[in-house]
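# Per-entry structural report
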Amino acid sequence: MELNNISNNINEWFDGSGPLCDIVISSRIRLARNLAGHKFLSRCSNIEKAEILEKLKSAIMALDIGDEISYISIDKATSLNRNLLVERHLISRHHALGKGPRGVVISNRELFTAMINEEDHLRIQVLKAGCQLAYCLEQINKIDDMIEKKVRYAFSPRLGYLTACPTNLGTGIRISVMLHLPALKMTNQIEKFFNAARDMNLTVRGLYGEGTEAASDLYQLSNQVSLGVKESDIVRKFESSVIPEVVEYENAARKELLSKQPDVLDDKISRALALLQNAHLISSQEALFLLSHLRLGINMHDYMGASTPAIKKLHDLCGQGQTRQISIATINKLFMLTLPAHLQINYGKPLEPNDRDILRAKIIRSALNQETQSS
Amino acid sequence: MQCQICNKNEATIHLTEISSGTRTEMHLCENCAAEQNITVKSHIPINELLSGLLSVQPTDEEIAGPTLEHLTCPNCGFTLAQFRKEGVLGCPYDYEVFESVLQPLIEKAHDGKKSHCGKIPASTPIDAKKQMEIMSLRRQLDDAVRSEDYELAAVLRDKINQNEKQQTN
Ligand SMILES: [Zn+2]
Ligand SMILES: [Zn+2]
């Protein structure tokens, strides 16, 4: 896999498709595993790390998972390439910043990754667009079974899969959904969502942006408990109650905006469009913030039939049917491709922050204006 | 551990309070905690868990005694001081070595759950003793490589391979 080949498009799981995709961007399941007969990584010499890496790499690279897979060495990668992988959610920030022999196996469609020598010897994950956790669980189980035929995992009948940190013990599972919740934020209800999540033993993390209140309005909701609960039961809880509740909550906020505060909504959408179409300097944070409002406007038109003046204007710009120029995938593409590492890799060389802001504005301007002329 | 208020239910909420230099601990069940208007953040970062549990000067008989602080994993040389600093364990065997300290922490992190339920590897796991043996060989191998004794290293590597092969058969 050449990173230059993936850096000019979005991942398949980020294309805005799948069940409940107007709110649930993507589903992800990861399993944490360690090899029996080896120390955890904090106590491993580089020699032992290299041995673990070799064992797991050869085991995984020999698998047939139905999609071509490639191995990328993280210790040998440039920091720009590492950041690209972080921006695409293919490795964690922790893995990018780690030490010693380590790497990642990535499938061509970027729906499967295996981080080797992150916090645990092995962390495999399966991703999918929209709300598709049951599918992710089925896939990751199959892959886990295949790997287990080739290596021995550290496992205790009492505590389950043994992990470096006791918080991942048991099933070693972390189930996450990426949610777009702009209306909860606009109606000042995002704190309520945080509290509700906490009461259900779930963790919320803001994505793409600093602090918990992400500029992008994208939040990752994950299970916290991994011991004493079956994998399928956690998935069922997410699919049958957690996700429908959050979706209902965000939808109620969208309807409330539409019926009670259409001017607030239109102001946000119009400003976002005007700024993105005209700005000559735009920071990553500002772009994430404004693109979120365009995504909201498009989805409110497509899924709720909203047609306030600003939403209508945005919809006309997008076009429809066969001649549709701007879709959620376009917005997501602008979103991902203007992140710092993507921007620089696609440009071909490192850029100073100010030059990045100029280039980012230019890319967004041309994508959002060109469409007007051609329609 | 029983709830200190009702003395009936299992205590799942453990609070530590420090005021004017003295540390008081409370262990409550969820009902009593709710009655006391104690709201508990259910997501407790690992560092908080650790400082809550491990920085306590041992007052509980079960974790008291000077032995605990000096307890070292025979496998990987891991100590509680290191766990406190790094938040991760040294080897799978540490779960047994430090069981008395880890157990309350595990329950707290996992909503009171104590034991595994869910997927089990299809192959039987390597027994603990065998794992210890392999890990000890690996430690010797590290030393041999470090002191550039490649002959010994080769012998040890063979032994490790042999041991692992026995396991997978
Ligand atoms: Zn009680
Ligand atoms: Zn140990």
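Further up the page is the structure itself.
Reference entry: report on the structure contained in this document. (Residues numbered from 1 in each chain as written. Chains lettered and ligands numbered in written order. Predicted model: local features only at pLDDT ≥ 70, side-chain atom pairs only at ≥ 80, totals over all residues. Heavy atoms only, no water.)

### A few points about the overall build of chain A
Counting secondary structure elements, chain A contains 14 helices and ten strands. In summary, chain A has a C-alpha radius of gyration of 21 Å against a globular reference of 21 Å for 375 residues, a match within 12%. Viewed in the frame of its principal axes, chain A has a C-alpha envelope of about 65 × 45 × 35 Å. Evaluated residue by residue, chain A yields a buried proportion of 61% over its 375 residues. Of the accessible surface of chain A, which amounts to about 14,400 Å², a share of 49% is contributed by carbon and sulfur atoms. (Helix = DSSP H or I, 4+ residues; strand = E, 2+ residues; numbered from the N terminus. Rg over C-alpha atoms; globule rule 2.2 N^0.38 Å. Buried < 20%, exposed > 50% of the residue type's maximum accessible area, 1.4 Å probe, protein only. Areas by Shrake-Rupley, 256 points an atom, 1.4 Å probe, with all protein chains shown as cover.)

### Considerations on the interface of chain B and chain A
On the side of chain A, 48 residues touch chain B, which itself brings 49 residues to the contact. The junction of chain B with chain A conceals about 4,400 Å² of combined surface from both sides, 56% of it contributed by carbon and sulfur atoms. Run the count over chain B and chain A and you get five salt bridges. There are 22 residue pairs in polar contact (both at pLDDT 80 or more) connecting chain B and chain A. For the side of chain B that touches chain A, the secondary structure elements donating two or more residues are helix 4 (80-86), helix 6 (99-109), helix 7 (128-146) and helix 8 (150-168) of chain B. (Contact = heavy atoms within 4.5 Å. Buried area = accessible area lost by both parts, 1.4 Å probe. Salt bridge = Lys/Arg side-chain N within 4 Å of Asp/Glu carboxyl O. Polar contact = N/O pair within 3.5 Å; in protein donor to acceptor, adjacent residues only side chain to side chain.)

### Brief notes about the pattern of salt bridges
Residues and elements named next belong to chain A. Under the counting rule described, the total for this entry stands at 21 salt bridges over all chains. For the salt bridge of Arg88 with Glu110, the shortest nitrogen-to-oxygen distance reads 2.9 Å. Taken together, the residues Arg88 in the loop between helix 3 (79-87) and helix 4 (93-96) and Glu110 in the loop between strand 3 (103-107) and strand 4 (112-116) connect sequence positions 22 residues apart. Judged by relative accessible area, Glu110 falls into the buried class, the value being 4%. Two residues, Glu118 and Arg123, come together in a salt bridge whose shortest N-O distance is 3.1 Å. The exposure class of Arg123 is buried, given its relative accessible area of 9%.

### Remarks on the packing of aromatic side chains
Evaluation of the coordinates by the stated rule reveals nine aromatic pairs over all chains. Ring centres 5.9 Å apart and planes at 70° place the aromatic pair A:Phe194 and A:Tyr219 in the edge-to-face group. You can see A:Phe194 sitting in helix 7 (residues 190-199) and its partner A:Tyr219 sitting in strand 10 (residues 218-223), a full 25 residues away along the chain. The class of A:Phe194 is buried, set by a relative accessible area of 12%. Accessibility expressed as a relative area gives 0% for A:Tyr219, which makes it buried. When the centroid spacing of 6.2 Å and the interplanar angle of 75° are considered together, the rings of B:Phe78 and B:Phe98 count as edge-to-face. (Phe/Tyr/Trp six-rings, centres within 6.5 Å; stacked < 30°, edge-to-face > 60°.)

### Things to note about the nonpolar core
Counting residues in hydrophobic clusters, the biggest one holds 101 residues, and the most contacted among them are A:Phe112, A:Phe193 and A:Leu221. There are two domains that each give this core at least three residues, and those are domain 1 (3-182) and domain 2 (261-374) of chain A. Counting 25 residues, the second largest nonpolar core, distinct from the first, contains A:Leu162, B:Leu68, B:Leu80 and B:Val88. (Core = buried A, V, L, I, M, F, W, Y, C linked by side-chain atoms within 4.5 Å. Domains from an automatic or database assignment.)

### So, the packing of helix 10 (residues 284-304) of chain A against helix 11 (residues 309-318) of chain A
For any two helices packed against each other, the geometry comes down to the angle between their axes and how far apart the axes lie. All names here are of chain A. Between helix 10 and helix 11, the least distance of the axes is 9 Å, while the angle of their chain directions is 90°. When the axes of helix 10 and helix 11 are compared, the pair comes out roughly perpendicular. Between helix 10 and helix 11, the residues in contact are Leu294, Gly297, Ile298, Met300 and His301 and Ile311, Leu314, His315 and Cys318, respectively. Considered class by class, the residues forming the contact of helix 10 with helix 11 number six nonpolar, three polar and no charged. (Axes fitted to C-alpha atoms, helices over the stretch in contact; angles between N-to-C directions. Parallel < 35°, antiparallel > 145°, perpendicular 65-115°, else oblique. Nonpolar A, V, L, I, M, F, W, Y, C, P; charged D, E, K, R; others polar.)

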